[in-house]
Amino acid sequence: MSRPRAVVSWSSGKDSAWALHAVRLARRFELSGLLTTVTSTYGRVSIHGVREELLRRQAVELELPLRAVPIPYPCSNEIYEETLLAELAGARKEGITHIVFGDLFLEDVRAYRERLLERAGLAGVFPLWGRNTRDLAAEMVAGGLRAILVCVDPARLSEQFAGREFDEVFLAGLPAEVDPCGERGEFHTFARAGPMFRREILVRRGEVVQRDGLAYADLIEGGEPETRN
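Here the structure is a predicted model, which means the values were calculated and not measured.

## Remarks on the nonpolar core
Proteins that are soluble and globular tend to have nonpolar side chains buried together.
Line of reasoning, step 1. The biggest cluster of nonpolar side chains holds 52 residues, and the ones touching the most others in it are Trp 10, Leu 20, Leu 34 and Phe 166.
Line of reasoning, step 2. Those residues in contact with Leu 20 that sit more than four places away from it in its chain are Val 8, Trp 10, Leu 31, Leu 34, Leu 62, Leu 64 and Met 196.
Line of reasoning, step 3. Counting residues in hydrophobic clusters, the runner-up holds 15 residues, among them Leu 88, Ala 91, Ile 96 and Phe 126.

## As for the packing of helix α1 (residues 14–26) against helix α5 (residues 133–142)
Line of reasoning, step 1. Relative orientation of the contacting elements α1 and α5 amounts to 75°, with a least axis distance of 11 Å. The angle between α1 and α5 falls in the class roughly perpendicular. The segment α1 lies against α5, with Lys 14, Asp 15 and Trp 18 engaging Leu 136, Glu 139 and Met 140.

## Overview of the layout of surface pockets
Line of reasoning, step 1. Taken as a whole, the largest pocket encloses approximately 1300 Å³ of empty space.
Line of reasoning, step 2. For the largest pocket, the lining is made up of 47 residues, of which Ser 11, Ser 46, Ile 47, His 48 and Arg 113 are closest to its centre.
Line of reasoning, step 3. Looking at the lining of the largest pocket, the elements with two or more residues in it are α1, β2 (30–39), β3 (44–45), α3 (77–93), α4 (107–120), β8 (187–193) and β10 (214–221).
Line of reasoning, step 4. Sorting elements by how many residues they give to the lining of the largest pocket places α4 first, with five residues.

## So, the pairing of strand β1 (residues 5–9)
Line of reasoning, step 1. By the bridge criterion, four bridges tie β1 to β2 in an arrangement that is parallel. Its bridge partner being in β2, Ala 6 is matched across the sheet by Leu 31.

## Description of the pattern of salt bridges
Line of reasoning, step 1. For the structure on display, the rule yields 19 salt bridges.
Line of reasoning, step 2. A salt bridge links Arg 51 to Glu 53; its shortest N-O distance comes to 3.8 Å.
Line of reasoning, step 3. In this structure Arg 51 comes out as partly exposed when scored by relative accessible area, which is 22%.
Line of reasoning, step 4. Each of Arg 57, Glu 61, Arg 198, Arg 199 and Glu 221 takes part in salt bridges that share partners, so that together they form one network.

## Let's talk about α3
Helical periodicity: at 3.6 residues per turn, an α-helix aligns residues three or four positions apart in one direction.
Line of reasoning, step 1. When the terminal C-alpha atoms of α3 are compared, their 24 Å separation across 17 residues agrees well with the 24 Å that a helix rising 1.5 Å per residue should span.
Line of reasoning, step 2. For α3, the complete set of buried residues consists of Glu 81, Leu 84, Leu 85, Leu 88 and Ala 91. Buried residues of α3, viewed axially, fall in a sector of 115°; they line one side. With respect to the buried face of α3, the exposed residues turned more than 90 degrees away are Glu 78, Glu 82, Ala 86 and Lys 93.
Line of reasoning, step 3. Where α3 is buried, its residues meet β2, β4 (66–71), β5 (96–100) and α4.
Line of reasoning, step 4. Of the residues trailing α3, Gly 95 is marked for its positive phi of about 100°.

## Thoughts on the sheet that holds strand β7 (residues 146–152)
Line of reasoning, step 1. Spatial strand order, β8-β7-β10-β9: four strands in an open sheet with antiparallel pairing. At either end of the open sheet lies a strand with only one pairing partner, and these are β8 and β9 (203–211). Looking at each pair of strands side by side, their axes are set apart by 30° on average, direction ignored.
Line of reasoning, step 2. Pairing between β7 and β10: two bridges, direction antiparallel. In the strand pairing of β10, Val 152 is matched with Ala 215.
Line of reasoning, step 3. Against the sheet, helix α2 (residues 52–62) makes contact with β8, β9 and β10, and its axis sits at roughly 60° relative to β10, the strand it touches most.

## Side note on the environment of Glu 107
Line of reasoning, step 1. The topology assignment puts Glu 107 in helix α4.
Line of reasoning, step 2. Distance from Glu 107 to Val 50, taken between C-alpha atoms, is 26 Å for residues 57 residues apart in sequence.

Each value, and the rule that gives it
- Residues numbered from 1 in each chain as written.
- Predicted model: local features only at pLDDT ≥ 70, side-chain atom pairs only at ≥ 80, totals over all residues.
- Heavy atoms only, no water.
- Core = buried A, V, L, I, M, F, W, Y, C linked by side-chain atoms within 4.5 Å.
- Buried < 20%, exposed > 50% of the residue type's maximum accessible area, 1.4 Å probe, protein only.
- Contact = heavy atoms within 4.5 Å.
- Axes fitted to C-alpha atoms, helices over the stretch in contact; angles between N-to-C directions.
- Helix = DSSP H or I, 4+ residues; strand = E, 2+ residues; numbered from the N terminus.
- Parallel < 35°, antiparallel > 145°, perpendicular 65-115°, else oblique.
- 1 Å grid on protein atoms, 1.4 Å probe; cavity = no way out; pocket = protein on both sides within 12 Å on 5 of 7 lines; lining within 4 Å.
- Points joined across faces, edges and corners; volume = space filled by probe spheres on them.
- Pairing = 2+ DSSP bridges.
- Salt bridge = Lys/Arg side-chain N within 4 Å of Asp/Glu carboxyl O.
- Expected span 1.5 Å × (residues − 1).
- Arc of directions from axis to C-beta.

Set out below in structure tokens:
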């Protein structure tokens, strides 16, 4: 029997990567691609600030087609919804019935997504929902996920964390008030290796810049493979 077709709402970060991994392991859905909004003004993943060429490398190493949805900057919520709904309508015509999200516990965010999906005639899949985020973060690291903090909210976490590895050392030194997965927007990551990828994506760290009240660590493709002790 054929499985329902789904695409992953792909932020380029660890949560969407682990959600993709969980769905692949469960084998309930046929994964048919990645869905990402890209700020066309800068050629970067919205919110995370990851260069589009790195996003496309992720798609290659995940062996999934990329549906990059361009949005302007600044972008009103009205324009965002109109653009996204048009993309979702196209996905539905291609036989896509579900969208996979890496959300963890924010009820309002999930409710908003489900309202949009209902308008598009699609359903949401939330494989990580309700997990203890400290346990989940440890599971990701132990499971081989490698990610780098690319965006930090200095109001919640020091900008010195921008560009850091998401690893055991990072988790051990995280302030108690910061969610280990950054679910409240404390930080965002770029996933570069793990069981969901065919090969590691090599990157080097560029400068850290301030924009719109956030600290962004620029990542550039290339560099040498890193080793862990």
